[in-house]
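Examination of the molecular architecture
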Amino acid sequence: MTEPARPAMFEPEAESMSAEQLTGLQLERLRAMIDRLIGLGGLQGTRLKEAGVSAGAEVNLATLARLPTVTREDLWDAYPFGLLAVPREKVVAVHGSSGTGGRPTLVAYSRADLQLWARMCARALVAAGATSASIVHNAYGYGLFTGGLGIHQGAIELGATVVPVSGGMTPRQVTLIKDLQPDILTCTPSYAIRLGEALAEADVVPGDGLHLKAGLFGAEPWTQEMRVRLEDLLGLRALDIYGLSEIIGPGVAAECRQAANGLHVNEDHFLVEVIDPVSGEPVPDGTPGELVFTTITKQALPLLRYRTGDIASLRRGTCRCGRTLAKMSKVAGRKDDMLVIRGVNVYPSEVERVLLTEPGLAPEYLLVIDERQAQAQLIACVEIGTGSAGPHRSQEELESGLKDALGLSVTVRVLPPGSVPRTEVGKAVRVRRWRGGDPPLPGLS
Ligand code: DLL
């Protein structure tokens, strides 16, 4: 595939500005935000004052890490509108996520916030190679979840044609893809797999009925190995898009198709830091830690140093695509999704990485934590790939590969195709606990 000599950007002046310009802009915006928070006198303003800050002019980017943080618990405590920084009448939309803890996290947008969000998603689409002539098949869920409507507005902002199909009803999606020939697919990586399987069953395959150029896959962790699978299955460039409701939704960061190696953070609107999740101290670039974002231009719900719980590292420098924005690595997982099995810490994505190097296995998997006895055991339930005679490696070899990579004994169960439940709507559930009674997957004993 040949790439244009000068890759396109939606907002080139912002996405490729010099480091000096960028830090100047960030500082100006950060100071204005701090002044606003102090003026409002809410939770964040009070915390700033308690930290000895009485005006924006007193802070600078180098000392950002000394400022107070804000957490999801703070949003919950202030639910639904406690952290609003504009009068309620200025809120034109709310969104949110059901969250891992079951409590909804609700966020508010002013009209300007929605416009900003649309531009951030348009940036991500253009970075993936979309143009105003594109057809965007948007299979992220529409509703409170930010995925559907975020990408939707981004595609419109770009002037592309958006197909607001939302998640689920896969046969209808197959028909729409066949008939409309989209060049851009947007959905979770797990649903992309499901869709790819359904397209293949309907004989809609890359080059023959399927002409996708890129996929923007996010909302849940996925690995480089999954990228290989997605590109193979769907014949597209599989790119990562990251975001969270609290900050704006999708479009906080996204990969470019030229490098496809880390996500450009829209740092002119969202300051990014990585801190040690336990001590809260900053970690050097290249070291994984917890992502912390500050929204320096958002109106309705500005957040100063929001602790995301997501684990990633940062990298700086000018990218092949010309963007100067810092890059974050793929997210390994949320700090609270880390599994602790017999004292060994492991993220589901690390298991995915090892499992998906086996070509005879399908990209779907489920990790079962067998807690029926005192010593928990991790069981990786995998499937034989469709059309494959089975894994090239024996079960023992797969298990020893996992042991070498993770330092943990994992039992591998190779199941027939279709055994692992597919995710039609929402985020993939990769981990199930088995405390007794029926196994979480039929066929597992
Ligand atoms: O998932 C926003 C989004 C929609 C991003 C569509 C990308 C595409 P929430 O529902 O609030 O928002 O969930 C945010 O999802 O803190 C991460 O833990 C996880 N997450 C989001 N994108 C990625 C990604 C949307 N690319 C939470 N890789 C975040 C890994 C991701 N995890």
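Quick caveat: nothing in here was measured; it's all calculated off a predicted structure.

Turning to the domain arrangement of the protein, a few remarks are in order. When the domains of the protein are assigned, the result is domain 1 (1-334) and domain 2 (338-434). Each of domain 1 and domain 2 has a C-alpha centre, and the two are 28 Å apart. Facing the 22 residues of domain 1 at the interface are 21 residues of domain 2. Taken over both partners, the interface formed by domain 1 and domain 2 buries close to 1,800 Å², and the fraction arising from carbon and sulfur atoms is 51%. Where domain 1 packs against domain 2, one counts two salt bridges. When the shortest N-O distance is used, the salt bridge between R194 and E424 registers 2.6 Å. Scanning the region where domain 1 abuts domain 2 turns up twelve residue pairs in polar contact (both at pLDDT 80 or more). Those elements that place two or more of their residues in the side of domain 1 that touches domain 2 are α8 (189-201), α9 (224-234) and β17 (333-334). Top element by residues in the side of domain 1 that touches domain 2 is α8. It accounts for five residues. The class makeup of the residues in the side of domain 1 that touches domain 2 is nine nonpolar, seven polar and six charged.

With respect to burial, strand β20 (residues 361-370) is a largely interior element, ten of its ten residues being buried. As paired elements, β20 and strand β21 (residues 377-384) share seven bridges and run antiparallel to each other. For Y365, the partnering residue across the bridge sits in β21 and is V382. Between the antiparallel neighbours β20 and β21 lie six residues. Two elements, β20 and strand β23 (residues 431-434), share four bridges in a ladder whose sense is parallel. Looking at the pairing, V368 lines up with R432 of β23.

One open sheet holds the four strands; their spatial order is β12-β13-β14-β17, and the pairing between them is antiparallel. At either end of the open sheet lies a strand with only one pairing partner, and these are β12 (270-275) and β17.

Counting through the fold element by element, G280 comes out in the loop between β12 and β13 (289-295). Put simply, G280 and E290 are ten residues apart on the chain and 8.5 Å apart in space, counted from C-alpha to C-alpha. Each residue touching G280, except ones within four places of it in the same chain, is listed here: I275 and R307.

In this section: the side chain of R334. Mapped onto the elements, R334 comes out in strand β17. At a separation of 3.3 Å, a polar atom in the side chain of R334 contacts the side chain of D310.

On to helix α3 (residues 43-50), then. Here α3 has its buried residues at Q44, G45 and L48. Around the axis of α3, the buried residues are gathered within 100° of arc, so they sit on the same side. Next to the buried residues of α3 lie α2 (19-40). Taken from the residues just after α3, G52 is the one with a positive phi, measuring 90°.

This part is about the packing of aromatic side chains. Remark: the centre distance and the inter-plane angle together describe each pair of aromatic rings, the angle taken between the planes. Within this structure, the stated rule accounts for four aromatic pairs. Across from the ring centre of W222, 3.4 Å away, lies the NZ or CZ of K330, which sits over that ring.

This paragraph deals with the sheet that holds strand β22 (residues 410-415). Pairing is mixed across the open sheet formed by four strands, whose spatial order is β22-β21-β20-β23. Of all the strands in the sheet, just β22 and β23 have a single pairing partner and so form its edges. Averaged over all pairs of adjacent strands, the angle between strand axes in this sheet comes to 30°, irrespective of strand direction.

We now examine unusual backbone geometry. In this chain, Y79 is followed by P80 through a cis amide linkage whose omega measures -5°. Positionally, P80 belongs in the loop between α4 (72-77) and β1 (91-97). For A260, which is not glycine, the phi dihedral falls at a positive 45°. For A260, the position within the fold is in the loop between β10 (249-254) and β11 (263-265).

Neighbouring the ligand are 21 residues, the closest being D240, I241, S245, D310 and K427. A distance of 3.3 Å separates a nitrogen atom of the ligand from a polar backbone atom of E220. In the model, a nitrogen atom of the ligand is placed 2.7 Å from a nitrogen or oxygen of the D240 side chain. Computed on the free molecule, the ligand has an accessible area of 600 Å², of which 96% lies beneath the protein chains in the complex.

Attention shifts here to the nonpolar core. The biggest cluster of nonpolar side chains holds 53 residues, and the ones touching the most others in it are L125, Y242, F270, L291, F293 and M328. Element by element, the count of residues in this core is highest for helix α5 (residues 111-127), at nine residues. Beyond its immediate chain neighbours, meaning those up to four positions away, Y242 contacts G249, P250, G251, V252, A253, L263, L291, F293, T308, D310, M328 and V331. Judged by nonpolar contacts, the second largest core, of 24 residues, contains V174, L199, V204 and A238.

Reading guide: rules and limits
- Residues numbered from 1 in each chain as written.
- Predicted model: local features only at pLDDT ≥ 70, side-chain atom pairs only at ≥ 80, totals over all residues.
- Heavy atoms only, no water.
- Domains from an automatic or database assignment.
- Contact = heavy atoms within 4.5 Å.
- Buried area = accessible area lost by both parts, 1.4 Å probe.
- Salt bridge = Lys/Arg side-chain N within 4 Å of Asp/Glu carboxyl O.
- Polar contact = N/O pair within 3.5 Å; in protein donor to acceptor, adjacent residues only side chain to side chain.
- Helix = DSSP H or I, 4+ residues; strand = E, 2+ residues; numbered from the N terminus.
- Nonpolar A, V, L, I, M, F, W, Y, C, P; charged D, E, K, R; others polar.
- Buried < 20%, exposed > 50% of the residue type's maximum accessible area, 1.4 Å probe, protein only.
- Pairing = 2+ DSSP bridges.
- Arc of directions from axis to C-beta.
- Phe/Tyr/Trp six-rings, centres within 6.5 Å; stacked < 30°, edge-to-face > 60°.
- Lys NZ or Arg CZ within 6 Å of the ring centre and 35° of its normal.
- Axes fitted to C-alpha atoms, helices over the stretch in contact; angles between N-to-C directions.
- Near = heavy atom within 4 Å.
- Areas by Shrake-Rupley, 256 points an atom, 1.4 Å probe, with all protein chains shown as cover.
- Core = buried A, V, L, I, M, F, W, Y, C linked by side-chain atoms within 4.5 Å.

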